[in-house]
Amino acid sequence: MLFEKYDVIVVGAGHAGSEAAAAAANLGSKVLLITMNLQTIAQMSCNPAMGGIAKGQILREIDALGGYSGIVTDKTMIQFRMLNMSKGPAMWSPRAQSDRMQFSLEWRNKLEQTNNLDFWQDTVVGLITHDGAVAGVHTAMGMRIEAKSIILTNGTFLNGLIHIGEKTFGGGRMGDKASKGITEQLVELGFQAKRMKTGTPVRIDGRTIDFSRLTEQKGDEEVHGFSFLERPILKKQRSCWIAYTSKKVHQTLKTGFHLSPMFTGRIEGIGPRYCPSIEDKIERFSGKDAHQLFVEPEGWNTIEYYLNGFSSSLPDYIQVQALREIEGFERAKIFRPGYAIEYDYFPPEQLHHTLETKLIRNLYFAGQINGTTGYEEAAAQGLMAGINAHLKIQEKAPFILGRSEAYIGVLIDDLITKGVDEPYRMFTSRAEYRILLRQDNADSRLTEKSYKLGLADQNRYELLVDKTNKIAELRRLLDEISLTPAEVNTFLEESGTSTISQKQRISNLLLRPQIAIKELIKHIPTEKLNLDSYDLEVVEAAEILIKYEGYIQKESEIADKLSRLEDVRLKSDFDYHALQSLSYEAREKLTKIKPSSLGQASRISGISPSDISVLAVFLGR
C-alpha cells in the first residue's frame, strides 16, 4: 500500500498550508502535505515582504505560538523597519523585506526537519466523505488517500483565471495551473462559493532602473526581527526606493482602460479595497496627479525588483509604456507583466471558530479560500486550523483565541461573524483592544497557552519566563531609583520639558511624553542602574508598561467586562425563529451564522442591542 491512513491531510503548501502542516505534525499528528509543486513551498506570490501594519503583530503572535513564519522571516530578511514609531506602541508594526527564493527554501527546510510530516506532489481533485465527515482525498494521479481530517488551503488556485488585458487563461498564479473539481464538489455538498480577484505588478530588471532619480529608503539601524527566540543580526541591508506616477503615466494607463478586464466586466470577482490595482486607483482617486510606488528588491543576489503599488491587469504593452514614463524607469525592461487573478472562495460564515466547516465534520478551511488576502492572515489561519484539527482527533477541547487575546482572534472572529464582501486585510483599527495586543508582548499573551497545548517547546517557554522576570525586576528598579536635579535637569531642558527641584523616581520621569528611556539612560549613573545587562526588548517593555499603565489597566477592565458575554454559550440548534421578540433580520442572521456565544451574536452586522437584550432575558441573564 502506497499510503497509510493519515491523521491530517493538508491540501496546498502556501503560507496557510505550511503553518497548518507544521502545527499538526509538531503536536503529534501524522500529517501529509499535498502540493502541486514541491519547489514552491510557501512561495511569495506577490510582494517579497512580511509584516507591516497589524500584519507584523500577527507574525509575532504566530511565532509566540510556536509557528515558523517569524523564524523563516528573520533568517531570510534583507531589510527591517519598525513602522509607526512616531505613534504609540500599540501601533508599532515590524516589517521585513525578504529574499524571495531563500524564504521558500528555508520554509521547505523547516518542514523537512519536522517529524510526523510526509510530502506528496500531486493535485487534489476531490474529497472523500462519509456520514457527513471527510474521510480522505482523490488526486489527479488517481490516488485515494485516507485521513481523519482535511485542511484545504488552496489559495488562488480554485478555478483560477489569469487576466492580462484581453488575454485570459487558467492558472493559480503565473506558471502554475489552476485546481478544478473541489469547488464543484463542495457546492454539491451544500457550500456557498463566490469569486474574488487580486493582482500583482510587473517584475523589473534592476539593471535598467536609474536609482539616482529615486528616493532611497534604508532599513532601521536597530533590527528587532519577528521571532522571540533570538534577535537576528543583519550586518548589511538592501535599500528599497520610492518612485511616483505622474499625470503622463495616468494618461497612458487610461488609454488601455477599454481593454482592462476590470472595466469591461470580464472579471466578476471583488478586488481588495486596500491594495487596489493602479488603474483602480486612477479611477477611484481621479483628482490625484501622482501615486507613491515602492521599488523593492527580490533578494540578496538577484537583479529582479518588485514595483509595489503598480499592480495591473492592463495589456502588457500598455504596462511597459506607462512604466517607462515613471522617472527613473525610462529604459526599464521587465521579467513579466502584472496580471489579475480571479479565483473561488467560500464565505467564511460557513465555519466554526476552529475553522472547521459547519456542513462537513473534520474539514477545515484556511487562507484565501476564506476570502482573506495577505501571507500573514493566511499563515495565522493555517496555524489555528492545524492546531484544531489535531485537537479534535485527540478529542480535546478546541483552541480558540478571543478578540482581547490576539489579532489572530480578531481575524477569525471577524471572518466567521461578519463575513467578507472584499478580500479581508488586517488593520490595527479592527482590534478593539490594540493597547493590549502589541507586537512586543505577543509572547507574554500567547506562549504559555501554546506551551500547555504542547506546541511551544520548553526552550521557548523558559525564554518567556526569563523575560517576564527581567521586566518585573527592571520595573521595580525604575520605581525605586531616583535621579537628582543635577543629573537630569540639563537633559530635561533640552527635551522641552520642565526641570525638577528635588529627586524624582525614574518611573515618574518616564511618564512625561517627551522622555524616552533610550535617551534618559545616558544620564543615569551606572552605579545606580546599568541597563547593559537587560535586553532591548526588556527595556522597551518596561518603559511601555510604565508609560501606558493606566490605559492598559482600563482596556483590560473593559475586555474583562465584555468577555462575560463570551461565557454565555448559544447552542448550534437554537431556534431563533421561535423568539418573536427578536427582529426579523436578527432571526434570519442568527439562524444563518449560528453564533457560539452571546458575545459573537452581538458582533453580527444587523443585530441590535435590543436583540441581545431579548436573548439575554430568554437565557436568564
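Residues numbered from 1 in each chain as written. Predicted model: local features only at pLDDT ≥ 70, side-chain atom pairs only at ≥ 80, totals over all residues. Heavy atoms only, no water.

This part is about the overall build of the protein. The helix and strand inventory of the protein stands at 21 helices and 22 strands. Since a compact globule built from 621 residues should have a radius of gyration of about 25 Å, the 26 Å found for the protein is in line with a globular shape. The principal-axis extent of the C-alpha atoms belonging to the protein is close to 80 × 70 × 55 Å. Out of the 621 residues belonging to the protein, those deemed buried represent 57%. Total accessible area computed for the protein in this model is approximately 26,200 Å², and 49% of it derives from carbon and sulfur atoms. Here the protein contributes 76 positive and 79 negative side-chain charges, whose respective centroids are spaced 2 Å apart. (Helix = DSSP H or I, 4+ residues; strand = E, 2+ residues; numbered from the N terminus. Rg over C-alpha atoms; globule rule 2.2 N^0.38 Å. Buried < 20%, exposed > 50% of the residue type's maximum accessible area, 1.4 Å probe, protein only. Areas by Shrake-Rupley, 256 points an atom, 1.4 Å probe, with all protein chains shown as cover. Lys, Arg positive; Asp, Glu negative; His and termini not counted. Charge placed at Lys NZ, Arg CZ, Asp CG, Glu CD.)

We now examine the sheet that holds strand β15 (residues 240-244). Pairing within the open sheet is antiparallel, and its six strands lie in the order β14-β15-β16-β17-β13-β18. On the outer flanks of this sheet lie β14 (215-217) and β18 (334-336), each paired with one strand and no other. Taken pair by pair, the neighbouring strands of this sheet meet at an average axis angle of 35°, ignoring direction. Relative to strand β16 (residues 292-297), β15 is paired through four bridges, and the arrangement is antiparallel. Residue pairing in the sheet places I242 in a bridge with F294 of β16. (Pairing = 2+ DSSP bridges. Axes fitted to C-alpha atoms, helices over the stretch in contact; angles between N-to-C directions.)

This part takes up unusual backbone geometry. With phi around 50°, A42 is a residue other than glycine that occupies positive phi space. Its location among the elements puts A42 in the loop between β2 (31-35) and β3 (49-51). With relative accessibility at 0%, the residue A42 sits in the buried group. Positioned with a positive phi, N116 is a non-glycine residue whose angle comes to about 70°. Checked against the element boundaries, N116 lands in the loop between α4 (100-112) and β6 (117-121). On the basis of relative accessibility, which here comes to 31%, the residue N116 falls in the partly exposed class.

Across its 18 residues, helix α18 (residues 549-566) extends 26 Å between first and last C-alpha, which sits within 8% of the 26 Å expected from 1.5 Å per residue. Among the residues of α18, those classed as buried are I552, E555 and A559. Each buried residue of α18 sits inside an arc of 70° when the element is viewed along its axis, so together they form one side. In α18, the exposed residues that point more than 90 degrees away from the buried face are K554, K561 and R564. Contacts made by the buried residues of α18 are with α17 (536-547). (Expected span 1.5 Å × (residues − 1). Arc of directions from axis to C-beta. Contact = heavy atoms within 4.5 Å.)

The next subject is the pattern of salt bridges. With the rule as written, the count across this model stands at 41 salt bridges. E377 is paired through a salt bridge with K55; the nearest N and O atoms lie 2.9 Å apart. With a gap of 322 residues between them, E377 in helix α10 (residues 375-393) and K55 in helix α2 (residues 55-64) connect regions that are remote in the sequence. You'll find E377 and K55 in the same group, each marked buried. (Salt bridge = Lys/Arg side-chain N within 4 Å of Asp/Glu carboxyl O.)

Helix packing for two helices is described by the angle between their axes and how far apart those axes are. Between α2 and helix α12 (residues 442-453), the least distance of the axes is 8 Å, while the angle of their chain directions is 35°. As for how α2 packs across α12, the hand of that crossing is right-handed. Taking contact as the criterion, the partners of R60, E61 and A64 in α2 are, on α12, A442, D443, R445, L446, T447 and S450. Of the residues assigned to the contact of α2 with α12, the class counts are three nonpolar, two polar and four charged. (Left-handed = near helix turned anticlockwise from the far one by under 90°. Nonpolar A, V, L, I, M, F, W, Y, C, P; charged D, E, K, R; others polar.)

Interaxial distance between α10 and helix α11 (residues 407-418) falls to 10 Å at its minimum, and their mutual angle equals 90°. For the element pair α10 / α11, the angle class is roughly perpendicular. From α10, E377, A380, Q381 and M384 reach across to α11, where they touch I408, L411, I412 and L415. (Parallel < 35°, antiparallel > 145°, perpendicular 65-115°, else oblique.)

Right, let's talk about the sheet that holds strand β12 (residues 194-200) for a bit. Read from one edge of the open sheet, four strands run β11-β10-β19-β12, paired in antiparallel fashion. Each of the sheet's edge strands pairs with one partner strand only, and the pair in question is β11 (167-170) and β12. Sheet twist, expressed as the mean angle between neighbouring strand axes with direction ignored, is 25°. Sheet analysis places β12 next to strand β19 (residues 339-345), joined by seven bridges and oriented antiparallel. Residue K194 lies in a different strand from β19, and its bridge partner there is Y345.

Bringing the nonpolar core into the picture now. Core analysis: the largest hydrophobic core is formed by 104 residues, its most contacted members being I9, I150, L152, L363 and I408. Considering every element that reaches this core, the biggest residue donor is α10, with 10 residues. (Core = buried A, V, L, I, M, F, W, Y, C linked by side-chain atoms within 4.5 Å.)

Here we come to the packing of aromatic side chains. Under the criterion given, the structure shown has 12 aromatic pairs. For the ring pair F346 and F365, a centre distance of 5.4 Å and an interplane angle of 45° mean the geometry is tilted. Note that F346 is positioned in the loop between β19 and β20 (363-365) and F365 in strand β20, a separation of 19 residues in sequence. Note on F346: relative accessible area 0%, which makes it buried. Every member of this aromatic cluster is reached through a ring pair, and the members are F191, F346 and F365. The ring of F228 carries R60 above its face, with NZ or CZ at 4.0 Å from the centroid. (Phe/Tyr/Trp six-rings, centres within 6.5 Å; stacked < 30°, edge-to-face > 60°. Lys NZ or Arg CZ within 6 Å of the ring centre and 35° of its normal.)

Counting buried residues in strand β1 (residues 6-11) gives six out of six residues, a clear majority hidden from the surface. Relative to strand β9 (residues 144-152), β1 runs parallel, the two being bridged by five bridges. Each bridged residue has a counterpart across the sheet, and for V11 the counterpart in β9 is L152. Here β1 pairs with β2 via four bridges, running parallel.

Attention now goes to the side chain of R460. For R460, the position within the fold is in helix α13 (residues 458-480). Residue classification places R460 among the buried positions, given a relative accessible area of 7%. For R460, the side chain forms a polar contact with the main-chain oxygen of D63, separated by 2.5 Å. Every residue in contact with R460, bar those within four places of it in the chain, is listed here: D63, A64, G66, G67, I71, S227, L229 and T447. (Polar contact = N/O pair within 3.5 Å; in protein donor to acceptor, adjacent residues only side chain to side chain.)

Among all positions in helix α21 (residues 609-618), only D611, I612, L615 and A616 are buried. Along the long axis of α21, the arc covered by the buried residues comes to 140°, so they all point the same way. Structural note: α21 exposes V617 and F618 on the side pointing more than 90 degrees away from its buried face. Considering only its buried residues, α21 is in contact with α19 (584-593) and α20 (598-602). At the C-terminal side of α21, G620 shows a positive phi close to 80°.

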